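Architecture at a glance
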Amino acid sequence: MDTGRYNVKPPATNLLHVEDEFPEYEPFEFTDDSVDEDLGDDAVAVPRQYGSGREALSVLDIDMCQQKNMPVHRTNYYDIQNLVVRRGDQFVIRVTFNRPLTNEDRFMLEFLIGSKPAPNKATQVVVDFTSRKQGRWQGNIVENQGSSVMFGITSAPNAIVGRYRLYARIVTRRGLKRSKRNPATDLYVLFNAWCKEDIVYYPDEDGRQEYVMNEYGIIYQGSKDTMIARRWVYGQFDRGILDACIYLLDACRMPISSRGDAIKLVRKGSAVINSQDDDGVLVGNWSDDFSGGTAPTLWTGSVKILLQYANTGVPVSYAQCWVYAGVFNTFLRALGIPTRVITNFSSAHDNTGNLKIELIFKPDGSPDERHTNDSIWNYHCWNEVFMQRPDLGAALGGWQVVDSTPQETSDGLYRCGPASVIAIKDGLVGYPFDGPFIYAEVNSDVVFLERDRYGNMTTMGVDTTLVGQAIYTKHVLSNNARDITHQYKYPEGSREDTMSLAKAESHGLERDEPTPKTKITATLLVDQVQLGEDVNIVVEFKNHGDTPETIKAMLSCTVVFYTGVLSNRFKQESLSATVEPHQTARQVVTTTAQEYVKHLGFQRYLSFNLSGRTETENVSALKVIYLATPSLQLEVSGPHEVGEEMFVTVSFTNPFDYPLLDIYVALEGPRALPYRTRFYKTLEPQGSFSWKVSFMPQVVGKRTLVAVMYCSNLCEVSLSWDPQRSNESLNNNNRMSGNFLLTSPPPPRNLKDASSSSSSCAEWMNPPYCR
């Protein structure tokens with residue numbers, strides 16, 4: 001209960017219908033010269049005396065000028081009926097009065113957000129066009145045409161973000177007169193990456209187009225050696241998404257007065273995207289059983305997830321890290337915050353809050369699952385937001401890590417960040433928020449331990465290079481992968497790296513003392529493997545010493561979840577080798593498809609753990625491989641014009657010698673094709689399916705369709721895509737990959753044609769978005 005915490009509970013609802021406390025007519029209560037704050041800084045309670053015979057001023061119409069404002073504010077892509085503007089930039093409103101304005105008239109516009117709006121909370125903003133003093137928001141008369149006046153309003157660069165109610169306010173002889181409540185004049189105010197005074201200002205136009213405006217993205221999965229690019233539809237401009245994102249803030253009871261603070265908002269958002277402790281958007285599931293919901297691999301984007309949650313208030317099942325990151329990206333971009341999805345390959349998850357990932361083995365060399373609590377995720381996805389950090393200082397602004405995947409609690413909730421990437425790189429983990437956890441994700445040492453029957457631990461070796469092997473994101477305005485590892489960490493072993501680790505340790509992050517270099521090292525090598533092929537692991541022993549060394553080792557083969565958690569151990573093989581001084585010995589261990597396929601289930605990762613010893617030293621090595629799956633084929637056909645029917649065909653042939661069961665195919669494209677699914681009960685070996693869907697795209701420009709397939713006895717299948725491909729043009733049609741370029745319909749040939757084809761005319765005259 002909050003009875004003793006607040007005199008009045010802070011307003012925390014924006015979208016719910018609220019009855020405004022202010023009546024249409026509000027008589028003056030004072031007759032002296034005291035200041036009435038409700039009228040503005042220089043307003044007095046005594047109304048001005050108007051000349052006799054003049055008609056009282058009244059408002060006939062308010063035009064929000066969407067077609068004029070929204071292209072300027074770069075919000076014309078939002079599929080929404082109301083005006084959407086970005087804070088800190090001017091927008092215009094045309095008001096029609098019953099007569100021309102005079103110098104004696106006093107007219108204001110009043111913007112209210114949330115319940116119980118108040119000037120001191122910035123939830124009630126009055127813009128006075130007849131006063132020389134200005135408040136938080138600025139106002140001026142842009143154009144005066146008799147009884148029709150265009151007013152310019154510039155919201156504060158730190159204005160509260162959300163949906164405002166607008167009223168016209170006139171000072172009469174006896175009080176204040178307000179216009180009637182009209183939902184059509186409501187407007188949305190967003191963060192502004194184009195405004196230098198806004199905390200989220202991004203200094204580069206290409207970056208703004210990518211990190212705020214791009215409706216489509218790529219999320220990297222797999223492994224550093226076999227990187228897979230997963231397409232994702234963010235769909236931040238789709239109908240209902242902006243309201244859904246504001247609903248999330250209502251659902252988590254974020255105070256309205258705090259919603260202009262980007263730092264507080266993204267931290268709150270990182271908690272509400274997961275349902276772990278506050279009934280947020282997504283339910284996590286890292287098992288093989290997705291009954292009662294949608295498998296994480298079957299999602300193609302964020303739109304259906306957010307709309308389903310906003311319409312029901314019930315957490316959506318199911319998600320894993322890339323789904324959390326994709327939905328969080330949509331939430332942030334919809335509100336105007338520059339953001340991108342990051343993938344950290346070999347991401348440490350340390351349950352003990354230090355810089356050590358402790359992998360424990362039994363004396364025979366097999367993994368000790370019971371006593372191993374730490375794990376190394378084959379990859380982990382989080383988000384970065386671009387903003388200044390006035391709470392930390394100018395030097396630590398820029399990209400900030402935020403993570404909505406529920407891993408560990410932060411201040412009592414499952415959330416993470418924002419944490420400065422610059423601070424993470426330099427080991428400055430004492431700054432808010434959650435620096436130690438993020439630093440460990442990219443910098444932990446992997447300690448290989450042997451546990452004897454009495455519980456005694458012996459260090460077998462330490463690998464300082466395994467964690468944080470590579471950190472990737474999508475390149476700006478390109479489908480290429482961008483390696484940003486250098487933004488998170490210095491080169492391994494460099495002087496700067498040593499200093500960063502020392503600073504992190506000074507904040508309480510423990511790490512093991514470096515182990516002395518051993519004479520024998522082991523390395524596991526393997527080429528890329530397709531699912532259904534044999535796996536040939538090359539075990540390489542190198543002798544750095546001056547005398548021969550004999551090594552005996554155990555190689556364990558295990559199916560693992562992408563989180564590094566062991567699923568099924570299906571093979572162990574003993575190895576022995578004598579290695580001459582300064583020489584290398586190699587052995588090839590073959591794991592056949594017949595050995596591993598029956599143990600895979602829903603997983604696609606095989607882990608190979610080597611544990612061995614010579615007479616004087618311990619040797620260890622770890623290698624996780626990703627099994628690549630066959631690809632869907634996608635073909636787009638039809639006229640590439642807005643408003644014209646097009647077709648997409650998704651096809652697949654089963655290349656395996658066993659049938660595929662309970663197949664679901666999903667297809668989606670931002671503002672072209674809403675999320676759709678198709679079910680096939682069985683697909684026999686070498687059998688095929690072909691699913692043709694018609695759609696009618698709504699906007700011009702580059703469009704992308706995303707297709708995925710999931711079945712009960714095979715890992716996910718998606719479009720064929722090579723993230724390393726460097727020559728793909730964003731401006732070229734690619735009918736087999738789901739990319740296509742849309743143009744506007746041709747203009748009408750004469751006025752008669754124009755009057756008979758108004759829809760096409762509007763689409764042609766107002767690209768790229770037709771209301």
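A tally of regular secondary structure across the protein chain gives 13 helices and 43 strands. Classification of the 771 residues of the protein chain by burial places 55% in the buried group. Expressed as a percentage of contacts within the protein chain between residues at least 6 apart in sequence, the contacts between residues at least 24 apart total 70%. With an accessible surface of roughly 32,300 Å², the protein chain has 48% of that area assigned to carbon and sulfur atoms.

Okay, the sheet that holds strand β8 (residues 148-154) next. In spatial order, the strands read β2-β4-β8-β7; together these 4 strands make up an open sheet with antiparallel pairing. The sheet terminates laterally at β2 (59-63) and β7 (138-145), the two strands that pair on one side only. Within this sheet the neighbouring strands show an average axis-to-axis angle of 25°, counted without direction. Alignment of strand β4 (residues 90-97) against β8, held across 7 bridges, turns out to be antiparallel. Of the residues in β8, the one forming a bridge with Val92 is Gly152.

Quick look at the sheet that holds strand β34 (residues 618-628) now. Taking strand neighbours across the sheet as the criterion, the 5 strands line up as β28-β34-β33-β30-β31 in an open arrangement whose pairing is mixed. At either end of the open sheet lies a strand with only one pairing partner, and these are β28 (529-530) and β31 (566-579). Pairing of β28 with β34 involves 2 bridges; the strand directions are parallel. In the strand pairing of β34, Gln530 is matched with Ala628. Along the sheet, helix α11 (residues 593-600) contacts β28, β30 (549-560), β31, β33 (605-613) and β34; its crossing angle with β31, the most-contacted strand, is approximately 150°.

This part covers the packing of aromatic side chains. All chains considered together, the criterion is met by 35 aromatic pairs. Between the aromatic rings of Phe652 and Phe689, the centroid separation amounts to 6.2 Å while the plane-to-plane angle is 35°, which identifies the pairing as tilted. One end of the pair, Phe652, is in strand β36 (residues 646-653); the other, Phe689, is in strand β39 (residues 688-695), and 37 residues separate them in sequence. For Phe652, a relative accessible area of 3% translates into the label buried. Cluster of aromatic residues (ring-pair linked, three or more members): Trp286, Trp322, Tyr324, Trp377, Tyr379 and Tyr562. Residue placement shows Arg340 over the ring face of Trp399; its charged tip is 4.0 Å from the ring centre. The ring of Phe647 is capped by Lys692, whose NZ or CZ atom sits 4.8 Å from the centre of that ring.

A word on the packing of helix α4 (residues 262-272) against helix α6 (residues 321-334). In contact at an axis separation of 11 Å, α4 and α6 are set at 150° when each is read in the N-to-C sense. One way to sum up the angle between α4 and α6 is to call them roughly antiparallel. For α4 against α6, the interelement crossing comes out right-handed. Residues Leu265, Val266, Gly269 and Ser270 of α4 touch α6, and the partners they reach there are Phe328, Phe331 and Leu332. Among the residues making up the contact of α4 with α6, the classes are represented as 5 nonpolar, 2 polar and no charged.

It is worth spelling out the pattern of salt bridges at this point. Within the structure shown, the criterion is met by 30 salt bridges. As a salt-bridge pair, Asp128 and Arg106 come within 2.8 Å of each other at their nearest N and O atoms. Highlighted residues: Asp128 in strand β6 (residues 124-128) and Arg106 in the loop between β4 and β5 (107-112), separated in sequence by 22 residues. With respect to class, Asp128 is no different from Arg106; both count as buried. Between Asp411 and Arg267 there is a salt bridge; the shortest N-O distance is 2.8 Å. Highlighted residues: Asp411 in the loop between β20 (409-410) and β21 (413-414) and Arg267 in helix α4, separated in sequence by 144 residues. The buried category is assigned to Arg267, whose relative accessible area is 7%. Linked through salt bridges whose partners overlap, the residues forming this network are Glu26, Glu110, Arg169 and Arg178.

Below, the discussion takes up the nonpolar core. Core analysis: the biggest nonpolar cluster contains 140 residues, and Phe111 and Trp137 have the highest contact counts within it. Of the residues forming this core, the biggest block, 10 residues, is contributed by α6. Not counting residues up to four positions away in its chain, the partners in contact with Phe111 are Phe91, Ile93, Thr123, Gln124, Val125, Val127, Trp137, Ile153, Tyr164, Arg165, Leu166 and Leu187.

This paragraph deals with α11. Those residues of α11 that sit buried are Ala593, Tyr596 and Leu600. For α11, the angular spread of the buried residues around the axis is 85°, confining them to a single face. Facing away from the buried side of α11 by over 90 degrees, the exposed positions are Gln594 and Lys598. Where α11 terminates, the next one or two residues include Gly601, which has phi positive at roughly 60°.

For the rest of this paragraph, the subject is the environment of Leu248. Mapped onto the fold, Leu248 is located in helix α3 (residues 241-251). Residues Leu248 and Ile273, spaced 25 residues apart in sequence, show a C-alpha to C-alpha distance of 8.2 Å. When neighbours within four sequence positions are excluded, Leu248 is seen to be in contact with Val272, Ile273, Val281, Leu306, Tyr309 and Phe331.

Here we come to the confidence of the model for the protein chain. On average, the protein chain scores 87 in pLDDT, and the residues at 70 or more come to 88%. pLDDT under 50 marks residues 31-52. Its contacts with residues more than four places away, or in other chains, come to 51 contacts. In this model, residues 747-771 is a region of pLDDT below 50 whose contacts with residues beyond four sequence positions or in other chains number 31 contacts.

Of all 11 residues in α4, 9 are buried; the element is thus mostly enclosed. Within the sequence span of α4, burial applies to Ala262, Ile263, Leu265, Val266, Arg267, Gly269, Ser270, Ala271 and Val272. The opening residue of α4 is Asp261, an N-cap whose side-chain oxygen sits 3.0 Å from the backbone nitrogen of Ile263.

Let us look at the packing of α3 against α6. α6 packs onto α3 with a crossing angle of 100° between their chain directions and a minimal axis gap of 9 Å. Here α6 runs roughly perpendicular to α3, going by the angle between their axes. When α3 is examined against α6, the residues Ile241, Leu242, Cys245, Leu248 and Leu249 are found in contact with a partner set consisting of Thr330, Phe331 and Ala334. Class assignment for the residues of the contact of α3 with α6 results in 7 nonpolar, 1 polar and no charged.

With that settled, the discussion passes to unusual backbone geometry. Omega for the bond connecting Ser317 with Tyr318 falls within 30 degrees of zero, at 5°, which places this linkage in the cis form. Within the secondary structure, Tyr318 is located in strand β15 (residues 316-319). Following Pro432, the chain continues into Phe433 via a peptide bond in cis, with omega recorded as 0°. Position of Phe433 among the secondary structure elements: in the loop between α7 (421-425) and α8 (435-443). With a phi angle near 60°, Arg74 is a residue other than glycine that sits in the positive phi range. Structurally, Arg74 can be placed in the loop between α1 (66-72) and β3 (83-86).

Quick look at the environment of Asp186 now. For Asp186, the location among the structural elements is in the loop between β10 (175-178) and β11 (187-190). With 74 residues separating them along the chain, Asp186 and Leu112 place their C-alpha atoms 9.4 Å apart. Setting aside its immediate chain neighbours within four residues, Asp186 contacts Asn82, Leu83, Arg163, Tyr164, Arg165, Leu166 and Arg181. There is a polar contact of 3.1 Å between the side chain of Asp186 and the side chain of Arg163.

The rules behind the values
- Residues numbered from 1 in each chain as written.
- Predicted model: local features only at pLDDT ≥ 70, side-chain atom pairs only at ≥ 80, totals over all residues.
- Heavy atoms only, no water.
- Helix = DSSP H or I, 4+ residues; strand = E, 2+ residues; numbered from the N terminus.
- Buried < 20%, exposed > 50% of the residue type's maximum accessible area, 1.4 Å probe, protein only.
- Contact = heavy atoms within 4.5 Å.
- Areas by Shrake-Rupley, 256 points an atom, 1.4 Å probe, with all protein chains shown as cover.
- Pairing = 2+ DSSP bridges.
- Axes fitted to C-alpha atoms, helices over the stretch in contact; angles between N-to-C directions.
- Phe/Tyr/Trp six-rings, centres within 6.5 Å; stacked < 30°, edge-to-face > 60°.
- Lys NZ or Arg CZ within 6 Å of the ring centre and 35° of its normal.
- Parallel < 35°, antiparallel > 145°, perpendicular 65-115°, else oblique.
- Left-handed = near helix turned anticlockwise from the far one by under 90°.
- Nonpolar A, V, L, I, M, F, W, Y, C, P; charged D, E, K, R; others polar.
- Salt bridge = Lys/Arg side-chain N within 4 Å of Asp/Glu carboxyl O.
- Core = buried A, V, L, I, M, F, W, Y, C linked by side-chain atoms within 4.5 Å.
- Arc of directions from axis to C-beta.
- pLDDT = per-residue confidence, 0-100.
- Polar contact = N/O pair within 3.5 Å; in protein donor to acceptor, adjacent residues only side chain to side chain.

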